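Take a look at the letters that make up each chain.
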Amino acid sequence: MSLSLFWSTVFGYPVSMSKLVPTEKIWRNGVFIPWDQAVIHVLSHVVSYGSSVFEGVRCYHTPAGPALFRAADHVRRLIDSAKIYRMEVPYLAVDLCEALAELVRVNGMDSCYLRPVVLRGYGGMGVNPAENPVDVYLACWNWGAYLGREALAAGVDVCVSSWTRIAPNTLPTLAKSSANYMNSQLIKMEAVANGYDEGIALDASGCVSEGSGENIFLVRDGRLLTPPLGASALEGVTRATVIALARGLDMPEVEMQIPRELLYIADEVFLTGTAAEITPVRSIDRIRIGSGRRGPVAERLQQEFFAVVNGARPDRHGWLTPVSIAERVKAAS
Ligand SMILES: Cc1ncc(COP(=O)(O)O)c(C=O)c1O
């Protein structure tokens, strides 16, 4: 029996594998190593205790060559996540940004997704990580639309999860730690098992928090609404991008506690994330949202977003870090 058939028959969980196609090199602690050699020992601290923090960054194709989107903001969040967990990252932010650009060059990518990971490695055993080194990896690969190719235009069908998002003062949700994604996995697997594309979690007070891997926005009477960070939401880079773009369009935006039922009566709902970009939601718990298709606000914000990331519009916010192709020749030789 194939593994995917096993999953689908035993757990009723339809598997759509987002297949990982290797690139050539991964950056480990300052050195580029072959993809297959980027392995860790099974007794590394991170395996038993979930002790890693990570990022997801996109590199977009632009007429001037590949460009990293908001690399400095992602690296800042990575270092902040590590700080929350008392992990010393032995690199400066500026050097990590440069290493990300170098990674794209070395792998000859025109556009890609990048995954920086800071983890507690092999050394001592036990919950206290005092004896374990902090290792830093940077990897990249090609990753298309996270919620499906059609989703950006057609929208997705989501549910409100029966799983609550991580409560305040349990696991810190401002840290993008791998441990938080055990909660995300519960939300995502339940949603997919029940035939939805994604799950929306409520926070410990019963108000809307975020998707398993995205922030959430609602449009109601011309205002853009999103939960505050205190609702156990990650401080998304795409969330900040959408807020900035909305301000540029004179669209009033409000951070507020969002009761669950406001989801159902919103004019539009959409999800934001580096992987998901700006993905409209067309139904929640089988209740049609707005017209049941991508709404005008989501479409306008998508237009703005893709015009900037694809280099069709001047980068007036300084969000793009060009990955010079001339440098690529140097890196490869
Ligand atoms: C739980 C969660 N919330 C929100 C986001 C969106 O964050 P960003 O826009 O920085 O990718 C992500 C994606 O990383 C996520 O995993």
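Each value, and the rule that gives it
Residues numbered from 1 in each chain as written. Predicted model: local features only at pLDDT ≥ 70, side-chain atom pairs only at ≥ 80, totals over all residues. Heavy atoms only, no water. Helix = DSSP H or I, 4+ residues; strand = E, 2+ residues; numbered from the N terminus. Expected span 1.5 Å × (residues − 1). Buried < 20%, exposed > 50% of the residue type's maximum accessible area, 1.4 Å probe, protein only. Near = heavy atom within 4 Å. Areas by Shrake-Rupley, 256 points an atom, 1.4 Å probe, with all protein chains shown as cover. Nonpolar A, V, L, I, M, F, W, Y, C, P; charged D, E, K, R; others polar. Salt bridge = Lys/Arg side-chain N within 4 Å of Asp/Glu carboxyl O.

## Comments concerning helix 7 (residues 237-248)
- Between its terminal C-alpha atoms helix 7 stretches 17 Å, which fits the 16 Å expected from twelve residues at 1.5 Å a residue.
- All of the buried residues in helix 7 are Val237, Thr238, Arg239, Thr241, Val242, Ile243, Leu245 and Ala246.
- Asp250 occupies a position one or two residues after helix 7 and carries a positive phi of about 55°.

## Describing the site of the ligand
- In the vicinity of the ligand there are 17 residues, among which Lys176, Tyr181, Glu210, Thr238 and Thr274 approach most closely.
- Coverage of the ligand by the protein amounts to 95% of the 380 Å² it exposes when considered alone.
- Residue assignment for the shell around the ligand shows that the elements contributing at least two residues are helix 3 (71-84), helix 7 and strand 14 (268-273).
- In terms of residue class, the shell around the ligand is made up of three nonpolar, nine polar and five charged.

## Describing the pattern of salt bridges
- Summed over all chains, the structure comprises 15 salt bridges.
- A salt bridge links Arg76 to Asp80; the shortest N-O distance between them is 4.0 Å. With Arg76 and Asp80 both in helix 3 and four residues apart, this pair spans about one turn of that helix.
- On the basis of relative accessibility, which here comes to 57%, the residue Arg76 falls in the exposed class.

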